[in-house]
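Understanding the architecture of this molecule
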Amino acid sequence: MGIPRVLNQWTTHRFWTAFFTNLGISPRNVVFSSDTSETQQREFGQGRGVVDCCYPVKCLTGHYGELIDGQKRKINILFSPKIKSLPSFLKEHVVDNLSCPRVMAGPESARAGFQREHDVFAERGIAHVSPVLNLAEPGLAARQLFAAFRDVIPGLTEAETERATLAAYEVLAEFDAKMREQSLEIIRRCAATNHPAVLALGRPYHMDTGIGHDIESELQAHGYPVLWGQYLPTEPEILDWLFAEDIRAGKIASAFDISDVWRSSYSANTNELLWAARYGAKLPWIACAIRFSSYECGMDQPTFTPVQAITESSGTLYFAFGDLDATKPAGSVRIRIETIAYYLQARSEEIIRKKLAKLGPGPFSKLEEGSEPGFGLKVAE
């Protein structure tokens, strides 16, 4: 079973490993492609590309080619789902949780590149399984997965597909909870030492080193821990501390409500990005937010102004990498990271102090009482 390491796989991969394992497929027989890279595209995707302005979607062909031609053991199935909707912690608080339509259709574009002159899948005896999946609806997703695999996996039954699907949702929820726990631990350490952290605002595929250029790791090397917006802690006491005043004022109905800043809340990734921006603007130790966006991303265009406005409303530093795919920006990225580190060094103490003063005592107060200044720390998290 080969799975491209792309797009929404960066937040759903634990679902798929659990799903196939629960169907009886050995974890050794489930292989993901490597991170996106120029070498990957050159070796495995050359001549397979299709016209698309979305760079992360274009990169699919390199991942397909690597799974088809770059494995020690031949794959039998290339699984590349067209994910229509995504599971999200904001589900009950937004209009919908849809995926980007370009991302959803990406597998069809990539498949076309390998069937343009002749059918590579048929020649290699590889089943290309690419169902439309509503992952925001577990019952429907189970039926869709059974329909996709009943003629591919011998003896598969609807009942075992449903059991495997439910088990996969549980594993994904456990993984998300673990990531939020790790984020909470970082925040606790920041509160204990009064040390600033950086919030990464982007889409799942910006975690890919070939798409996001490993910018967050470079900032960590300067001594600033990075929190991804998808995995911020959601403990009630923290949310009450951050959002209670806005709820009492009638600005929002709950800590997860974004309707006052984003009424067209149809896209899961966009919804979570807006919510994370608001969270980061309020949490004292998030002194800086970094916005990632791929070149000419139509889904991101309308969000640039509100995300920046939300972030800067509290004095939080805001930097945007909005043309990551337009050029080869390695040199400019390093310069900009040094600039970000400079401003964090110069202004974080004041930002944290002002945000703490506005919020008042909260769940981290005991840690703050025994804290010492943590600014200037140059040890990577």
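See the structure shown above.
The structure contained in this document is the topic of the report that follows. (Residues numbered from 1 in each chain as written. Predicted model: local features only at pLDDT ≥ 70, side-chain atom pairs only at ≥ 80, totals over all residues. Heavy atoms only, no water.)

Some words on the pattern of salt bridges
Charged atoms that come close allow side chains of opposite charge to pair. The following threshold applies: For salt bridges, the criterion is a side-chain nitrogen of Lys or Arg within 4 Å of an Asp or Glu carboxyl oxygen. Strands here are runs of E lasting at least two residues and helices are runs of H or I lasting at least four, both read from the DSSP assignment and numbered beginning at the N terminus. Here the term buried applies to any residue with accessible area under 20% of the maximum for its type, exposed to any over 50%, and partly exposed to those in between, with areas from a 1.4 Å probe on protein chains only.
Considering all chains together, one arrives at 13 salt bridges under this definition. The shortest N-O distance in the salt bridge between D35 and R5 comes to 3.6 Å. One end of the pair, D35, is in the loop between β2 (31-32) and α2 (38-45); the other, R5, is in the loop between β1 (2-3) and α1 (9-22), with 30 residues separating them in the sequence. Across the pair D300 and R203 runs a salt bridge whose closest N-O atoms are separated by 2.9 Å. Highlighted residues: D300 in the loop between β9 (286-292) and α13 (304-312) and R203 in the loop between β7 (197-201) and α9 (209-212), separated in sequence by 97 residues. Summarising the burial analysis for this pair, D300 and R203 share the class buried. Connected via shared salt-bridge partners are K82, E108 and R111.

Regarding the environment of F146
Rules: Residue contacts are defined here by distance: any two heavy atoms, one from each residue, within 4.5 Å place the two residues in contact.
Residue placement: F146 occurs in helix α7 (residues 138-149). Sequence separation between F146 and T161 is 15 residues; the distance between their C-alpha atoms is 5.9 Å. When sequence neighbours within four positions are dropped, the list of residues in contact with F146 reads L156, T157, E158 and T161.

Looking at the layout of surface pockets
The following threshold applies: Points on a 1 Å grid, built from protein atoms alone, make a cavity when a 1.4 Å probe fits but cannot get out and make a pocket when they are open with protein on both sides within 12 Å along at least 5 of 7 lines; residues with an atom within 4 Å of a point are the lining residues. Grid points are joined across faces, edges and corners, and a volume is the space filled by probe spheres set on the points. Note on residue classes: Ala, Val, Leu, Ile, Met, Phe, Trp, Tyr, Cys and Pro are nonpolar, Asp, Glu, Lys and Arg are charged, and everything else, Gly too, is polar.
Empty space within the second largest pocket amounts to approximately 510 Å³. As for the second largest pocket, its lining consists of 22 residues, and the residues nearest its centre are L242, D246, K282, S313 and K358. Sort the elements by how many residues they give to the lining of the second largest pocket and helix α11 (residues 236-248) lands first, with eight residues. Considering only residue class, the lining of the second largest pocket consists of nine nonpolar, two polar and 11 charged.

Observations regarding the packing of helix α4 (residues 60-69) against helix α5 (residues 101-113)
For clarity, the threshold we go by: With axes taken as lines fitted to C-alpha atoms, and helix axes fitted only over the stretch in contact, angles between N-to-C directions fall between 0 and 180 degrees. Just so you know how the angles are binned, under 35 degrees is roughly parallel, over 145 roughly antiparallel, 65 to 115 roughly perpendicular, and the rest oblique. Less than a right angle of anticlockwise turn of the near helix away from the far helix marks a crossing as left-handed, whereas a clockwise turn marks it as right-handed.
Contact pair α4 / α5: the axes reach a minimum separation of 9 Å and the direction vectors enclose 60°. On the basis of the axis angle, α4 is oblique to α5. Handedness of the crossing formed by α4 with α5: right-handed. For the pair formed by α4 and α5, the contact residues are L60, T61 and Y64 on the first element and G106, P107, A110 and R111 on the second. Taken together, the residues of the contact of α4 with α5 break down into four nonpolar, two polar and one charged.

Examining empty space enclosed by the protein
All told, the structure shown has three cavities of 30 Å³ or more when counted by the stated rule. In this structure, the largest cavity encloses a volume near 110 Å³. Looking at the lining of the largest cavity element by element, the count peaks at three residues for α5. Across the lining of the largest cavity, the residue classes tally to 10 nonpolar, three polar and one charged. In this structure, the second largest cavity encloses a volume near 70 Å³. Every residue along the wall of the second largest cavity is listed here: L201, G202, R203, P204, G229, Q230, N269, E272, L273 and A276.

With respect to the nonpolar core
Rules: We define a nonpolar core as any set of buried Ala, Val, Leu, Ile, Met, Phe, Trp, Tyr and Cys residues linked to one another through side-chain atoms lying within 4.5 Å.
Membership of the largest hydrophobic core comes to 39 residues, with the highest contact counts inside it found for Y279 and W285. For this core, the leading source of residues is helix α12 (residues 268-282), giving seven residues. Setting aside residues up to four positions removed in sequence, Y279 forms contacts with L232, P233, I238, L239, L242 and F243. Residues L135, F149, Y169 and L172 belong to the second largest nonpolar core, which totals 29 residues.

Description of the sheet that holds β9
Going by this rule: Strands are treated as partners if at least two bridges between them are detected by DSSP.
The strand order β8-β7-β9-β10 describes an open sheet built from four strands, whose pairing is parallel. The open sheet has two edge strands, β8 (226-228) and β10 (317-321), and neither has a second partner. Taken over all neighbouring pairs, the strand axes of this sheet differ in orientation by 25° on average, direction set aside. Bridge count for β9 against β10 is five bridges, and the pairing is parallel.

A short note on the side chain of S254
Inclusion rule: Pairs of N or O atoms are called polar contacts if they sit within 3.5 Å, as long as, within protein, a hydrogen donor faces a hydrogen acceptor (for residues adjacent in sequence, only side-chain-to-side-chain pairs).
Mapped onto the fold, S254 is located in the loop between α11 and α12. Side chain to side chain, S254 and H93 meet in a polar contact 3.3 Å long. Ignoring sequence-local partners within four residues, the contact set of S254 consists of H93 and I247.

Observations concerning the pairing of β9
The element β9 is extensively covered by neighbouring structure, given that seven of its seven residues are classed as buried. Where β7 and β9 come together, five bridges link them in parallel fashion. Bridged to L199 within β9 is A289.

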